[in-house]
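# Summary of the model geometry
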Amino acid sequence: MIDLEAARYRWHPVASSTDLVPRHVFQAQLLGREMALWRADDGNVNAWENRCLHRGVRLSIGINDGRELVCQYHGWRYANRTAGCTYIPAHPADAPARTICNNTYPAVEKHGLIWSGEKPDGQIPSLDVLDTTSITPLRGVTINVPLENIALPLIDYYSSGQRGASGDSVVHYGADTPDPFLLILHAHGHLHTSANAQAVDTPTPDIAFFFQPLDAARTAVRGVLCGVDEHNIGSAALIALLKQHSFMLCRARDIIESGHRDKPVPTPWTPYIPKVSDRHASMPPLTSAGQQAKLRVRLSAIENLSPSVKTFRFQALNTQIESAAPSVLPVAQPGAHIDIHLPNGLVRQYSLINGPGQTDHYAIAVKRLDDSTGGSHALHDSLKVGDVLATSVPRNNFTLRRDAEHTHLIAGGIGLTPLLSMARALDHSNLPFTLHHFIATETDAINRAELENMSAAVHWHVGQDVQQTQDTLSALLDAPTEHHHVYICGPGAMLGFTRETAATRGWADESIHFEYFKNPDVVDDSSEFNVELARSGLSLQVPAGKSLLSVLREHNVGVQSSCEQGACGTCRVEVLEGEPDHQDVYLSDTEKAQGNCLMSCVSRARSKRLVLDL
Amino acid sequence: MTQCSDPVALALWHPIAAIEDIPADGKQKTQLLGEVLHYRKMDDTRVSVHHGDRKLPVTLAYGYVWTCLGTPERDLFDLPEYAESDRRNVCAATVGVNVSAPRAVENFLDMGHFPFVHTGILGAEPHTEVREYQVNVDTERDEILATECLFYQPQAAAGSSGGVMSDYIYRVPHPYCAVLYKSCPTDESRLDVIALFLQSVDEENIRAHALVSVIDTQSSDLDIRMFQQNIFSQDKPILENQLPKRLPLDPRAETPIRADKSAIAYRRWLRTKGLQYGVLAAAA
Ligand code: FES
Ligand SMILES: [Fe+2]
């Protein structure tokens, strides 16, 4: 019996590199556990628990769309690398909880094989003693015999003098077993059995056989030929070698299996599948507090998109190859933003422009604004590659529904950023959309080449004055269409006009989605009122000049926030009783009229008293 | 084969075959709760079922033969629509599936998979939203009721053409049976009924029997069977790829969303019943 516990801390081969063909999901097995292996279009290899978190369907029957893995049962999408759920089609308006994340295992390619393990903490076996300048993996062979019963009969079989590729020489091997999982066969050249001088040239490479413990009763034998490949021996000789070893391994399998017949069947290994967190066992509640800086990231690249716009790319601090737990950035959905804590103490919100599956970094695009309150200056002028910054995890209060028959994206200037990530997601999934970008001058048309390449119609409206812009928008929103959705981000005046026009033309509030850069209105904080917190049983007084959010914080009531000016929607609180005095630009008019929630950073009370679900 | 020791499952009525499928003479064989049973048609209104030498109780209802390996605690649930004179009652399918009965019940209650599994028939992208619906446990009748279920359907039944918002009501009157009522495409005032009766061959294998009871003068029996068997054939590969095969009752085993309200209620209902056969008990 192998030491099962020790085996959990090793790297094991789980597939051949060539098993992971583009857009395919490969079902692997290791130590009784099933894994879904898939290669994303960016080359990254994913090794995941072969089980959708939702209802347990095998992910190996899912769809690899190149950037995300889509479950067959309810279409949940999981991102390349992080395995974070990015979209739940049954609830198109909600961003999935950021932490709905499938179990992942490390995956590395070496010796032409894919390597993984439950929690590997050592090195992938090296083949230092052999010539590894060129390597050719053999076809993996599954043998219905426990791992510890394979090496000896396999050595016997190979060293009993096997025919060479040309059939007229015999190769002899010397065997070496550094550990129970590896067998090295050193080829000792040929013994000629015919006068044919050609036989001397038949290559006889050394072979390393790795043993993959599939489950208690079965083992995969993964051989690699060392020192040969198509380039140094030519394809005809290589094919002959592969055929020969394939044949030999099948013979060896039959011999090993028949030698093992009548042996008792070992007790199966039952892998432990971690439970989902309590939070996800039911619907997640509102939690924790503040503009939290949870992540540390390193600025890895700055690029000029236009004379005034730069992109900034951030990477997780300690991503390492062969590390058992490569640190990954929490997954973000289209429309999400992060708070960036700038060196000058400011906290600013920026939309992520990442496309689907681009999970190894966060990218933002920032325009240098003269009237900016210091955010864009700090980014443009004082940051350099290599700097370490603190950011929040991504939040999404501007979620992209994917159940529209058509999606209209309308951007004003740098307001393109959240819509760019949406366009990338829609385009990748072949969902129909149109993009309108209103810009002052041609140079503001950032990412133009990429957008022109998308299948959707993209229109640039250059240099329109207020009246022209309003005429264009009015024409766009002319008649409401069922199952169409509009997303708009840009300056406050443009959003205000769009919302009003859409409302008068009869568009349903739920079809118009908007994101403000900031709240254009002046907040009136002169009122005084009482709040009662239904769940914590507290009764608090909010005086003039202080926000509801800051009073809650003073009493240690956790509410998340981000922009703290009524634009982003993060600090939403449910109202059970009383009439809110809405001062935000996040809620739609319908939601405001319903009066069952408010943005605690700016909104107050019209009634003397509010009862909140906190 | 391990014997079933679950008193709850032993006291239930279980379907074993469509009456019309039983040949006029000869002994037939099937399996229920891991036990081999023999049954035979005596005449048009009588069927006998044996477990070894033991004669088992029999109920003939809704087109199927039902039996019980223990002592039945109550009568089989009511399905009054079956007796309405203008309905077409069709035993539409019997399909073997390598999954537990409770997993198959959940699949039957689940609207979220329509666009992905029954593409172009019961659902179609991009119309994937599962709207809020109501779930109640009727304590008097001891059954689960899900109402106000609305879902976009490109072709809801054999007799319909074109997309509609379909209205559903689901009933779970038995741990291994579920009934669906949906707006009838040919008569708005009536409801079509599709009932799923699951035979637990063992804990991880079922035979799924379907009764279709509709107001439809257009479709032939064959049309109705083809429709239902097509639907079953789409669910089968998904169900057979669910891990674990038994339904986990531990709330932390899987991640439910609001669309799964009826499944959450169903799991809770099974927990209170103390049912063990075909489920993985929640850790105490
Ligand atoms: S089981 Fe995977 S999406 Fe539902
Ligand atoms: Fe289904």
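Residues numbered from 1 in each chain as written. Chains lettered and ligands numbered in written order. Predicted model: local features only at pLDDT ≥ 70, side-chain atom pairs only at ≥ 80, totals over all residues. Heavy atoms only, no water.

So, on to the overall build of chain A. A count of helical and extended segments in chain A gives 12 helices and 36 strands. By its C-alpha atoms, chain A is 100 × 55 × 45 Å across when sized along the principal axes. Taken across its 614 residues, chain A has 54% of its residues classed as buried. Partitioning the contacts of chain A with sequence separation of at least 6, the portion at a separation of at least 24 is 64%. When the accessible area of chain A is evaluated, it comes to approximately 25,700 Å², of which 50% is carbon and sulfur surface. The averaged location of the 67 negative side-chain charges in chain A is 3 Å from the averaged location of its 51 positive side-chain charges. (Helix = DSSP H or I, 4+ residues; strand = E, 2+ residues; numbered from the N terminus. Buried < 20%, exposed > 50% of the residue type's maximum accessible area, 1.4 Å probe, protein only. Contact = heavy atoms within 4.5 Å. Areas by Shrake-Rupley, 256 points an atom, 1.4 Å probe, with all protein chains shown as cover. Lys, Arg positive; Asp, Glu negative; His and termini not counted. Charge placed at Lys NZ, Arg CZ, Asp CG, Glu CD.)

This part covers the pattern of salt bridges. Applying the stated criterion across every chain, the model contains 56 salt bridges over all chains. Put simply, Asp86(B) and Arg190(B) hold a salt bridge, and the shortest N to O gap is 2.7 Å. Of the two residues, Asp86(B) sits in the loop between strand E7 (64-67) and strand E8 (88-97) while Arg190(B) sits in the loop between strand E12 (177-183) and strand E13 (191-202), which places them 104 residues apart along the sequence. Owing to a relative accessible area of 40%, Asp86(B) belongs among the partly exposed residues under this scheme. Between Glu240(B) and Lys236(B) there is a salt bridge, with the nearest N and O atoms lying 3.0 Å from each other. When salt bridges with common partners are traced through the structure, they connect Arg51(A), Arg55(A), Arg103(B), Glu106(B), Glu254(B), Asp260(B) and Arg267(B) into a single cluster. (Salt bridge = Lys/Arg side-chain N within 4 Å of Asp/Glu carboxyl O.)

As a further point, take the coordination of the iron ion (ligand 2). All names here are of chain B. Surrounding the iron ion (ligand 2) are the protein donor atoms His113 (NE2), His118 (NE2), Asp235 (OD) and Asp235 (OD), which sit 2.0 to 2.4 Å from the metal. Coordination at the iron ion (ligand 2) is irregular: its 4 donor atoms span angles of 56 to 153 degrees at the metal. Binding-site remark: the iron ion (ligand 2) is held by donors from one chain whose sequence spacing is H-x4-H-x116-D. Taken together, the residues span a long stretch of sequence, with His118 in the loop between helix H3 (114-117) and strand E9 (134-138) and Asp235 in helix H4 (residues 221-239) at a distance of 117 residues. On the accessibility criterion, His118 (1% relative accessible area) is buried. Judged by its relative accessible area of 7%, Asp235 falls in the buried class. (Donors = N, O, S within 2.8 Å, 3.2 Å for Na, K, Ca; no water. Tetrahedral: all angles 85-135°; square planar, octahedral: opposite > 155°, others 65-115°.)

At the junction of the two partners, chain B supplies 32 residues and chain A supplies 35 residues. Between chain B and chain A the total buried area reaches about 3,100 Å² when both faces are included, carbon and sulfur atoms providing 52% of it. When the buried surface of chain B facing chain A is broken down by residue, Leu243(B), Arg252(B) and Thr255(B) rank first, second and third, together holding 23% of it. The interface formed by chain B and chain A includes 7 salt bridges. Across the pair Arg55(A) and Glu106(B) runs a salt bridge, and its minimum N-O distance is 3.6 Å. (Buried area = accessible area lost by both parts, 1.4 Å probe.)

Turning to the sheet that holds strand E32 (residues 572-577) of chain A, a few remarks are in order. All names here are of chain A. Within the open sheet, the 5 strands sit side by side as E31-E30-E36-E32-E34. Their pairing is mixed. Only two strands of the sheet have a single partner each, and these edge strands are strand E31 (538-542) and strand E34 (597-599). Sheet twist, expressed as the mean angle between neighbouring strand axes with direction ignored, is 40 degrees. (Pairing = 2+ DSSP bridges. Axes fitted to C-alpha atoms, helices over the stretch in contact; angles between N-to-C directions.)

This part takes up the domain arrangement of chain B. All names here are of chain B. In terms of domain boundaries, chain B breaks down into domain 1 (7-67) and domain 2 (80-280). For domain 1 and domain 2, the distance between their C-alpha centroids amounts to 24 Å. If you look at the interface, domain 1 gives 19 residues, while domain 2 gives 24 residues. When domain 1 packs against domain 2, the two sides together hide about 1,700 Å² of surface, and 62% of this comes from carbon and sulfur. Viewed at the interface, domain 2 and domain 1 are joined by 1 salt bridge. With a shortest N-O distance of 3.0 Å, Glu20 and Arg225 are connected by a salt bridge. Remark: the boundary between domain 1 and domain 2 carries 11 residue pairs in polar contact (both at pLDDT 80 or more). Looking at the side of domain 1 that touches domain 2, the elements that each hand over two or more residues are helix H1 (7-10), strand E1 (14-18), strand E2 (28-32) and E7. (Domains from an automatic or database assignment. Polar contact = N/O pair within 3.5 Å; in protein donor to acceptor, adjacent residues only side chain to side chain.)

Here we come to the sheet that holds E1(B). Residues and elements named next belong to chain B. Spatially, 3 strands are ordered E1-E7-E6 in an open sheet, and the strand pairing comes out antiparallel. Whereas interior strands pair on both sides, the edge strands pair on one side only; in this sheet they are E1 and strand E6 (58-61). Within this sheet the neighbouring strands show an average axis-to-axis angle of 30 degrees, counted without direction. For E1 and E7, the ladder comprises 4 bridges, and the chain directions are antiparallel. In the sheet register, Ala17 faces E7, and the bridge partner there is Val65.

Attention now moves to the state of the cysteines. Taken as a whole and judged by the stated rule, the model has 0 disulfides over all chains. Just so you know, Cys85(A) is unpaired, no disulfide at all, and the nearest cysteine sulfur is the one on Cys52(A), 7.7 Å from it. (Disulfide = S-S within 2.5 Å.)

This part is about the nonpolar core. Residues and elements named next belong to chain B. One finds Met111, Tyr170, Leu198 and Tyr266 to be the most contacted residues of the largest nonpolar core, which totals 90 residues. No other element matches the 6 residues that H4 contributes to this core. The contact partners of Leu198, leaving out residues within four places of it in the chain, are Pro15, Ala101, Ala104, Val105, Tyr176, Cys177, Ile206, Arg207 and Ala208. (Core = buried A, V, L, I, M, F, W, Y, C linked by side-chain atoms within 4.5 Å.)

Residue and element names in this part refer to chain A. Of all 7 residues in strand E3 (residues 33-39), 7 are buried; the element is thus mostly enclosed. Here E3 shows two buried faces, one formed by Arg33, Met35, Leu37 and Arg39 and the other by Glu34, Ala36 and Trp38. Pairing of strand E2 (residues 25-30) with E3 involves 6 bridges; the strand directions are antiparallel. Within E3, the position partnered with Val25 by the bridge is Trp38.

On to the packing of helix H9 (residues 466-476) of chain A against helix H10 (residues 492-504) of chain A, then. All names here are of chain A. Between H9 and H10, the shortest axis-to-axis distance is 10 Å and the interhelical angle comes to 35 degrees. As for how H9 packs across H10, the hand of that crossing is right-handed. Here H9 contributes Gln470, Leu473 and Ser474 to the contact with H10, which in turn contributes Met494, Phe497, Thr498 and Thr501. Tallied by class, the residues present in the contact of H9 with H10 amount to 3 nonpolar, 4 polar and no charged. (Left-handed = near helix turned anticlockwise from the far one by under 90°. Nonpolar A, V, L, I, M, F, W, Y, C, P; charged D, E, K, R; others polar.)

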